[in-house]
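Single-letter residue listing:
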Amino acid sequence: MNFDFSDDQKLLKDQARKFLTDKSGMKVVRNILDTDELYAKDVWKGIVEMGWTGTAIPEAYGGIGLGHLELCMIAEELGRSLAPVPFSSSVYLATEALLIAGSEAQKQKYLPALAAGESIGTLALSEGMQAASPKNMKVSFEGGKVNGVKMPVPDGDIANFAIVVVKTGSGGDEKSVSLAIVDLTGAGVTREPLKTLDPTRDLSNISFNGAPAELLGAQGSGWTVLQQVLDRAAVLVAFEQVGGADAALNMAREYALNRYAFGRPIASFQAIKHKLADMYIKNELARSNSYYGAWALSTNAPDLPAAAAGSRVAATEAFNFAAKENIQTHGGMGFTWEFDCHLYYRRAKWLSLSLGSHLSWKDRLVSELEKRNAA
């Protein structure tokens, strides 16, 4: 079985790297960090013009109809460049939810606008510090109206609409959960930005007070659809994390080769060699798991839940480790504002929580492996 990407897919990856290197360098990332801008609008405009927002959307709905493997290639380069854009929320979450559960009318309404960058979507799942579950879900949908508070919502201040996870039943089981589409620019919606460790990615608190909404998918199917969306997003975010981890390793390597101490490059010291080797091993493990996840995603294989959890766990560990060790390799200078090490550390922490905690995905992986063994 060949898990490698095709020459055309690798060419797309090279083109994406060139574009993001030219248009979304550390200067752009720092501009978002230092100002009140929510995202890099010029970079987003270029991404839309290149058709990336419609990569996995069929041509019938205004997309370019490539697939998830191509989307994985783009995701890796977005992670490598730390691009401050709402790509993951709109493409990995909102678009995938509509592709999975949207009616024909909803697909015709939302997907062309998403593909053309005329609309930005997001997923509103969490309701505070507790892990989201059918038992602790409080945001309700009744009579075509949504009431309650979701926080934190990724890119909630940027998005035009949100796929909101809501309660439509009185019980605490999965059948009591549904998905609803809410216009975030309409009545009954209040948005408030949240301060986070990584200000280059937007998070917000969204209050719904009788906000008009329509169901996405059948009532009571929301939790099942949500798990499918999260599995797909986990693979794509894993590629972002792999890209970020690889960039952090390269930054550490370049510094170690050019920083001299006692008349020698610090890369010649055993302690630094071991750091770089450990980073490389974790990165390669994450990459192999992510490739497996990409195969499962592109073929809609029964292994997707386990493959998604495996790629998510390995990539989270790799990026967190690489970002931390990159700082350590730079020594005292690595902790300073002037060096870019902290930008990767911030993004690593943000991504590690963006789809649920690292421990929750470990639990998911164990559960899926137990199911496989039992079968």
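Everything here concerns the structure above.
Keep in mind it's a predicted model, so treat the numbers as computed, not measured.

### Overview of the overall build of the protein
Consideration 1: Of the regular secondary structure elements, the protein holds eleven helices and nine strands.
Consideration 2: For the protein, whose C-alpha radius of gyration is 21 Å, the value lies close to the compact-globule estimate of 21 Å for 375 residues.
Consideration 3: Overall, the protein is about 75 × 50 × 40 Å in size when its C-alpha atoms are taken along their principal axes.
Consideration 4: Within the protein, the fraction of its 375 residues that count as buried is 54%.
Consideration 5: Put simply, of all contacts in the protein between residues at least 6 apart along the chain, 74% involve residues at least 24 apart.
Consideration 6: Across the protein, the centroid of the 38 positively charged side chains sits 5 Å from that of the 42 negatively charged ones.

### Some words on the side chain of Arg-287
Consideration 1: Position of Arg-287 among the secondary structure elements: in helix α8 (residues 270-299).
Consideration 2: Within polar-contact distance, the side chain of Arg-287 engages the side chain of Glu-76 at 3.0 Å.
Consideration 3: Excluding anything up to four places from it in sequence, Arg-287 contacts Lys-13, Glu-76, Val-242 and Asp-246.

### A short note on the packing of aromatic side chains
Two aromatic rings are characterised by how far apart their centres lie and by the angle between their planes.
Consideration 1: Overall, the coordinates contain eight aromatic pairs when judged by the stated rule.
Consideration 2: For the ring pair Phe-5 and Phe-239, a centre distance of 6.2 Å and an interplane angle of 80 degrees mean the geometry is edge-to-face. Residue Phe-5 is found in the segment before α1 (7-23), and its partner Phe-239 is found in helix α7 (residues 222-258); the two are separated by 234 residues along the sequence.
Consideration 3: The class for Phe-5 is buried, based on a relative accessible area of 7%.
Consideration 4: A residue is classified by how much of its surface remains accessible, and Phe-239, at 1% relative accessible area, is buried.
Consideration 5: Taking the centre distance of 4.9 Å and the plane angle of 85 degrees together, the rings of Phe-5 and Tyr-291 count as edge-to-face. Of the two residues, Phe-5 sits in the segment before α1 while Tyr-291 sits in helix α8, which places them 286 residues apart along the sequence. Neither Phe-5 nor Tyr-291 differs from the other in exposure class; each is buried.
Consideration 6: Aromatic ring contacts, followed pair by pair, group Phe-5, Phe-239 and Tyr-291 into a single cluster.
Consideration 7: Between Lys-282 and the ring centre of Phe-321, over which it is positioned, the NZ or CZ distance is 5.3 Å.

### Things to note about the pairing of strand β5 (residues 177-183)
Consideration 1: Along β5, six of the seven residues are buried, which leaves the element largely enclosed by surrounding structure.
Consideration 2: When β5 meets strand β7 (residues 203-216), the two strands line up antiparallel, connected through four bridges. Across the sheet, the residue bridging to Leu-179 is Leu-216, located in β7.

### Thoughts on the nonpolar core
Consideration 1: Grouped together as the largest cluster of nonpolar side chains are 125 residues, with contacts concentrated most on Trp-52, Leu-78 and Phe-87.
Consideration 2: Of the residues forming this core, the biggest block, 21 residues, is contributed by α7.
Consideration 3: Sequence-distant contacts of Phe-87, that is, excluding residues within four places in its chain, are made with Trp-44, Ile-47, Trp-52, Thr-53, Leu-71, Ile-74, Leu-78 and Tyr-92.

### Section: the pattern of salt bridges
Two side chains that carry opposite charge are able to pair once their charged atoms sit near each other.
Consideration 1: According to the stated counting rule, one finds 20 salt bridges in the structure shown.
Consideration 2: In this structure, the salt-bridge partner of Glu-368 is Arg-364, at a minimum N-O distance of 3.9 Å. Taken as a pair, Glu-368 and Arg-364 lie in helix α11 (residues 358-374) at a separation of four residues, close to a single helical turn.
Consideration 3: Assessed through its relative accessible area of 14%, Glu-368 is described here as buried.
Consideration 4: Measuring nitrogen to oxygen at the nearest pair gives 3.6 Å for the salt bridge that ties Lys-371 to Glu-368. Linking Lys-371 with Glu-368, this pair stays in helix α11, spanning three residues, or about one helical turn.
Consideration 5: Connected through shared salt-bridge partners, Lys-13, Arg-17, Glu-76, Glu-77, Arg-80, Asp-246 and Arg-287 make up one network.

### Side note on the packing of helix α5 (residues 87-101) against α7
Axes are the key here: two packed helices are described by the angle between their axes and the distance separating the axes.
Consideration 1: Orientation of α5 relative to α7, taken along the N-to-C sense of each, is 145 degrees, at an axis distance of 9 Å. Viewed along their axes, α5 and α7 form a crossing whose handedness is right-handed. On α7, the residues that touch Ser-88, Tyr-92, Leu-93, Glu-96, Ala-97, Ile-100 and Ala-101 of α5 are Val-225, Gln-228, Val-229, Arg-232, Ala-233, Leu-236, Val-237 and Glu-240.
Consideration 2: Split into classes, the residues belonging to the contact of α5 with α7 amount to ten nonpolar, two polar and three charged.

### Details of the packing of α8 against helix α9 (residues 304-329)
Consideration 1: As a packed pair, α8 and α9 sit with axes 8 Å apart at the nearest point and diverge in direction by 155 degrees. What the angle tells us is that α8 and α9 run roughly antiparallel. Viewed along their axes, α8 and α9 form a crossing whose handedness is left-handed.
Consideration 2: Along the lines of polarity and charge, the residues of the contact of α8 with α9 split into 14 nonpolar, nine polar and five charged.

Rules used throughout
Residues numbered from 1 in each chain as written. Predicted model: local features only at pLDDT ≥ 70, side-chain atom pairs only at ≥ 80, totals over all residues. Heavy atoms only, no water. Helix = DSSP H or I, 4+ residues; strand = E, 2+ residues; numbered from the N terminus. Rg over C-alpha atoms; globule rule 2.2 N^0.38 Å. Buried < 20%, exposed > 50% of the residue type's maximum accessible area, 1.4 Å probe, protein only. Contact = heavy atoms within 4.5 Å. Lys, Arg positive; Asp, Glu negative; His and termini not counted. Charge placed at Lys NZ, Arg CZ, Asp CG, Glu CD. Polar contact = N/O pair within 3.5 Å; in protein donor to acceptor, adjacent residues only side chain to side chain. Phe/Tyr/Trp six-rings, centres within 6.5 Å; stacked < 30°, edge-to-face > 60°. Lys NZ or Arg CZ within 6 Å of the ring centre and 35° of its normal. Pairing = 2+ DSSP bridges. Core = buried A, V, L, I, M, F, W, Y, C linked by side-chain atoms within 4.5 Å. Salt bridge = Lys/Arg side-chain N within 4 Å of Asp/Glu carboxyl O. Axes fitted to C-alpha atoms, helices over the stretch in contact; angles between N-to-C directions. Left-handed = near helix turned anticlockwise from the far one by under 90°. Nonpolar A, V, L, I, M, F, W, Y, C, P; charged D, E, K, R; others polar. Parallel < 35°, antiparallel > 145°, perpendicular 65-115°, else oblique.

Structural measurements only, silent on function.
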